[in-house]
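Notes for the structure review
Chain by chain, the residues:
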Amino acid sequence: MNAPGRIVWLASYPKSGNTWFRIFLANLAAGENGPTDINDLHERGGMAYNRTEFELATLLDSGLISHDDIDNLRPYVYRRLTPPIGQRWIKVHDAYMAAPSGEPIFGVPGTCAVYLVRDPRDVVVSFAFHNSMTVDDTIKLLNSTDSAFCRGGKGLEPQLRQLLLDWSGNVASWLDQTDIPVHCIRYEDLRAEPERHFAAALEFAGRIVSQADVQRAVRHSAFDELRRQEAERGFAERMSRTSPFFRSGRVGDWRGQLTDEQVACIEEAHAETMLRFGYALHTRPHVSSESLVKG
Amino acid sequence: MHNYLISGLHVSSEMELPGAVGQSSPPPVADVSVRRAAVPTSLGDGAERGPNWEMDARTVLLRIPRLARLLIAQGREIVVELHPGATEQDASAYVLGTAFGILLHQRGTLVLHGAAVARNGEAIAICGQSGAGKSTLAAALCRSGATFVTDDICAVTFNSDRRPLVIPDGRRLKLWQESIEKLDFAEQRGDAVRAGFEKYFVAPPSIMAREPLPLRAIYLLRQARPPLQEGIEAIDLAEAMAALDREAYRPVLRAKMDSIATAVGQGAMMMGHVKIFRLIRPRGFESLADTVSALLRHWDGLAQ
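Notes on the structure follow.

1. Let's talk about the overall build of chain A
Across its full length, chain A carries 12 helices and 6 strands. By the compact-globule yardstick of 19 Å for 295 residues, chain A fits well, its C-alpha radius of gyration being 19 Å. Taking the principal axes of its C-alpha atoms as reference, chain A extends roughly 55 × 45 × 40 Å. By the burial criterion, 44% of the 295 residues in chain A qualify as buried.

Shown next, in the form of structure tokens:
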């Protein structure tokens, strides 16, 4: 008997390997026909922030109801996106939060989450290039609990509002909630042993895949392949005019990119969470003895 | 009582509908009535359910958070029950938008999610997702001399030769403040579509069409990003027929209510009466003037 279908949230703070994971899934689906076209990913599982999906499900004009009212409806929109069988992987950058109604936005029964976490110092560098923002402004974004995407203004934002919290808040919101099962992968581990960690994530989500299929999909999702495709044909999700989306992907890239002051500013804000995930501190921020014990 | 001509239907409304253009004299018989009354909380067990709506063969119940409950019945009636504290004006945006879109579907009309403008007695429709820039492009075309036909909800009927006609919606243009500033429409700006939102009614910068006009072409508005490159390209018949499904105003309704109208529309495309193109442009206002000239040139080229 087949297990019922489910949504798998592919959750992360931005620039933490989410797109790479989606490309891996697309290559898994493509099988021997891969490598898949990196500009043909949009139909696969979707994005939690998709305005059109919201309007299709609710019939409402999403530009004429408040962000909070939208958040109250989102759990019911996602219920409709649950597939009858198999998994539907949906990308999410929002923090795991309750809607104003009290209902968790992503706590749809039967769902689970794969959460990707990456060294926030590397996130800052990658995010700054991606958004064409200064490093200092990017650090402010990672350090502010008030951070959000598409909060809106004078025009209709392309995506629904997404409350991110600060980097530590985003990580903790998914990993410390107890509504739905969650499987955590460090980006650094995924880079070091992609086959092992992709396979473990699939197994967690209830998908059985042969080792050969995983190996091929990993090969087809290699960074050089992605970079080659982007150089040839561009990438739909690239934001910056000057910097490619698949820029470096390196672990520890921050060492050549951030000043000591910038590193200190990140570590001061996130030391506790960084230690929890084994990211050794470069500076010596003040950390409470309690969190050092936890780390 | 307020009287309007909306998408070709005589509407008699207890509520003022600020987005619609009023008619001075009441019609002999109203096609549609809009009234304020109690609306049931549910349509019962037999109804199909969405996150905030219920639907049976003849009725749709729509819940708009903190604003109103609407009952849209048999293509003839919209009943509005306001939430405490909500105003008629705020609810009217939904009466004219979603509710009227549903009502047109109930009447078996082909309803596209798009704007339309006309020149030389024929119209084009610009379809696309919310935020794609349909209304902004339509407004810019009107500034270049086109006649305003519809914004957002594009109802299509067919004449006796099965040729598609676009019905003027009898509503004002709705634009976000950003577009109003970039297009320099500050003087035409009216009230907010809903209090607290930066979207406003705008008097069209050209005359408004009053009679149905032949639909010459449909342009699917898409953002230029890989693999799509800026330009206007033809799409094949299979994709065009699928597009008519996808570009419907709220396709879930189309699938349940007006499959015949869609089939007729698809037939019209096969007969060559209406052509569908992809109009691909970068997001934003920088190259809007270029898009307008390219589109007008392309439209002129269709005459041959």
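2. Topic: the sheet that holds strand S15 (residues 189-192) of chain B
Residues and elements named next belong to chain B. Pairing is antiparallel in the open sheet, where 3 strands are placed in the order S14-S16-S15. Two strands bound the open sheet, and with one partner strand each, they are strand S14 (173-176) and S15. Across the sheet, the mean angle separating the axes of adjacent strands is 40° when strand polarity is ignored. Sheet topology note: the S14/strand S16 (residues 199-202) ladder contains 4 bridges and is antiparallel. The residue bridging tryptophan 176 from the neighbouring strand is lysine 199, located in S16.

3. As for the sheet that holds strand S2 (residues 87-92) of chain A
All names here are of chain A. One open sheet holds the 4 strands; their spatial order is S2-S1-S3-S6, and the pairing between them is parallel. At either margin of the open sheet sits one strand with a lone partner, and together these are S2 and strand S6 (182-186). On average, each strand axis in the sheet is tilted by 20° relative to the strand beside it, whichever way the strands run. In this structure, strand S1 (residues 6-12) lies alongside S2, joined through 6 bridges in parallel fashion.

4. Points about the pairing of strand S9 (residues 110-119) of chain B
All names here are of chain B. Buried residues dominate S9, accounting for 9 of its 10 residues. In this structure, S9 lies alongside strand S10 (residues 122-127), joined through 6 bridges in antiparallel fashion. Bridge pairing in S10 places alanine 115 opposite isoleucine 126. Counting the residues that bridge the hairpin from S9 to S10 gives 2 residues, and of these asparagine 120 lies at a positive phi of roughly 50°.

5. Some remarks on the packing of helix H1 (residues 18-30) of chain A against helix H9 (residues 211-220) of chain A
All names here are of chain A. Packing of H1 against H9 leaves a shortest axis separation of 8 Å and a crossing angle of 125°. Judged by the angle between their axes, H1 and H9 are oblique. Considering how the two elements wind past one another, H1 and H9 form a crossing that is right-handed. Contacts between H1 and H9 involve Phe24, Asn27 and Leu28 on the former and, on the latter, Asp213, Ala217, Val218 and His220. For the contact of H1 with H9, a count of residues per class yields 4 nonpolar, 2 polar and 1 charged.

6. Here we look at the interface of chain B and chain A
Each partner contributes to the interface: chain B provides 29 residues, whereas chain A provides 28 residues. If you list the elements that add at least two residues to the side of chain B that touches chain A, you get strand S6 (59-64), helix H1 (88-106), helix H3 (177-182) and helix H5 (251-257) of chain B. Residues of the side of chain B that touches chain A, tallied by class, amount to 13 nonpolar, 9 polar and 7 charged.

7. A word on the packing of helix H4 (residues 237-246) of chain B against helix H6 (residues 259-270) of chain B
Residues and elements named next belong to chain B. Their axes nearest at 10 Å, the elements H4 and H6 cross at an angle of 150°. Viewed along their axes, H4 and H6 adopt a mutual orientation that is roughly antiparallel. In this structure, H4 meets H6 at a crossing whose hand is right-handed. In contact with Leu237, Ala240, Met241, Leu244 and Asp245 of H4, H6 contributes Thr262, Gly265, Gln266, Met269 and Met270.

About the criteria used
Residues numbered from 1 in each chain as written. Chains lettered and ligands numbered in written order. Predicted model: local features only at pLDDT ≥ 70, side-chain atom pairs only at ≥ 80, totals over all residues. Helix = DSSP H or I, 4+ residues; strand = E, 2+ residues; numbered from the N terminus. Rg over C-alpha atoms; globule rule 2.2 N^0.38 Å. Buried ≥ 20, exposed ≤ 12 C-beta atoms within 10 Å, placed from the backbone. Pairing = 2+ DSSP bridges. Axes fitted to C-alpha atoms, helices over the stretch in contact; angles between N-to-C directions. Parallel < 35°, antiparallel > 145°, perpendicular 65-115°, else oblique. Left-handed = near helix turned anticlockwise from the far one by under 90°. Contact = placed C-beta atoms within 7 Å. Nonpolar A, V, L, I, M, F, W, Y, C, P; charged D, E, K, R; others polar.

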